[in-house]
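What follows is each chain in one-letter form.
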Amino acid sequence: MAFDFKKEFKEFYLPKNRPEIITVPKMNYIAVRGNGNPNEEDGAYKKALEVLYAVSYTLKMSYKSDYKIEGFFEYVVPPLEGFWWQDGKNGIDYSDKSKFNWISVIRLPDFIKKENFCWAVDTASKKKKIDCGIAEFISIDEGLCVQIMHNGPYDDEPATIKLMDDFIHENGYENDINEVRLHHEIYLSDPRKTAPEKFKTVIRHPIR
């Protein structure tokens, strides 16, 4: 059976519907950076996702090619994630999506190294006939965070974030969102197949 990050690391992907504190270790990702409204048709965000999934599945299926990755084992591609911010704002203004900056990411298994990633970018670009060169191999060490499972539409997230903020202050911590430590979302639902009221999204904020 293929290794499934969501099942093996439930503490990172399946939090409760109430805030909880967690220490997140360093992880490697495929990443694409951009800005603008993620709902824009044929916009930068949708193109970023196309690249992310092209590279991700090229790596996942590499064992069926002549290219062999040391330590490879079969796995389920982890869920899409996103780091979000807006210039000049401490939080997120959901009413002005055109001002979003984002880093869209998909987690990589630890056995995938930079050279494997570079092979996948080149292979996916040729096979899919799209420019995957915008993808990056990055490492993120989030450290101490508070997280919660948000149920429902993305635009309803402010109410859930209010629960997180109250929890942080009640427990003697402070929000630590800054230029490096960002608002983080993990998408467990496919918006193409799921009604907004049934969306499940992990929201994670850095604290100190």
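First things first, this report covers the structure right here in the doc. Within each chain, residue numbers correspond to sequence positions counted from 1 in written order. Only residues with pLDDT of 70 or above have their local features reported here, since the model is predicted, and side-chain atom pairs are shown and tallied only from 80 upward, although totals for entire chains, interfaces and linings are computed over all residues. The side-chain values count all of the structure's non-hydrogen atoms but skip hydrogen atoms and water molecules.

1. Remarks on the pattern of salt bridges
Inference 1: Counted as salt bridges are all cases of a side-chain nitrogen of Lys or Arg within 4 Å of a carboxyl oxygen of Asp or Glu. This model, assessed by the stated rule, comprises 11 salt bridges.
Inference 2: Between K97 and D155 there is a salt bridge, with its nearest N and O atoms 3.0 Å apart. Of this pair, K97 sits in the loop between β2 (80-85) and β3 (101-107) while D155 sits in the loop between β4 (136-151) and α5 (157-170), placing them 58 residues apart in sequence.
Inference 3: The salt bridge involving E142 is made with R204; its shortest N-O contact spans 2.8 Å. With a gap of 62 residues between them, E142 in strand β4 and R204 in strand β6 (residues 200-206) connect regions that are remote in the sequence.
Inference 4: Think of it in three bands: with a 1.4 Å probe and only protein chains considered, a residue is buried below 20% of the maximum accessible area for its type, exposed above 50%, and partly exposed in between. The buried category is assigned to R204, whose relative accessible area is 2%. Think of it this way: any DSSP run of H or I at least four residues long counts as a helix, any run of E at least two long counts as a strand, and we number them from the N terminus.

2. What to know about the pairing of β6
Inference 1: Burial runs high along β6: six of the seven residues are buried.
Inference 2: Both β4 and β6 contribute to a ladder of seven bridges, which runs antiparallel. The residue of β6 that forms the bridge with N151 is K200.
Inference 3: Any two strands with at least two DSSP bridges between them are considered paired. Strand direction decides the pairing type here: strand β5 (residues 183-187) and β6, joined by four bridges, are antiparallel. Following the sheet pairing, I186 is matched in β6 by V202.

3. Some words on the layout of surface pockets
Inference 1: For the largest pocket, the calculated volume is near 960 Å³.
Inference 2: Buriedness for pockets is judged along seven lines, at least five of which must meet protein on both sides within 12 Å for an open set on the 1 Å grid over protein atoms alone, while cavities are sets there where a 1.4 Å probe fits but cannot get out, and lining residues have an atom within 4 Å of a point. Lining the largest pocket are 32 residues, and of these Y45, L49, L80, Y154 and P191 lie nearest its centre.
Inference 3: For the lining of the largest pocket, the secondary-structure elements that each account for two or more residues are α3 (44-60), β2 and β5.
Inference 4: It is α3 that provides the largest number of residues to the lining of the largest pocket, a total of six residues.
Inference 5: Broken down by class, the residue content of the lining of the largest pocket amounts to 21 nonpolar, three polar and eight charged.
Inference 6: The volume enclosed by the second largest pocket comes to roughly 350 Å³.
Inference 7: Contributions of two or more residues to the lining of the second largest pocket are made by β2 and α5. Grid points are joined across faces, edges and corners, and a volume is the space filled by probe spheres set on the points. Three residue categories are used. Nonpolar comprises Ala, Val, Leu, Ile, Met, Phe, Trp, Tyr, Cys and Pro, charged comprises Asp, Glu, Lys and Arg, and polar comprises the others, including Gly.

4. Re α3
Inference 1: For a helix, the expected span equals 1.5 Å multiplied by the number of residues minus one. Taking 1.5 Å as the rise per residue, α3 with 17 residues should run 24 Å; its terminal C-alpha atoms sit 24 Å apart, in good agreement.
Inference 2: Of the positions making up α3, those classed as buried are Y45, A48, L49, V51, L52, A54, V55, S56, T58, L59 and K60.
Inference 3: The inward-facing, buried residues of α3 contact β1 (20-35), β2, β3, α4 (114-128) and β5. When checking whether two residues touch, look at their non-hydrogen atoms; a contact exists if any pair is within 4.5 Å.

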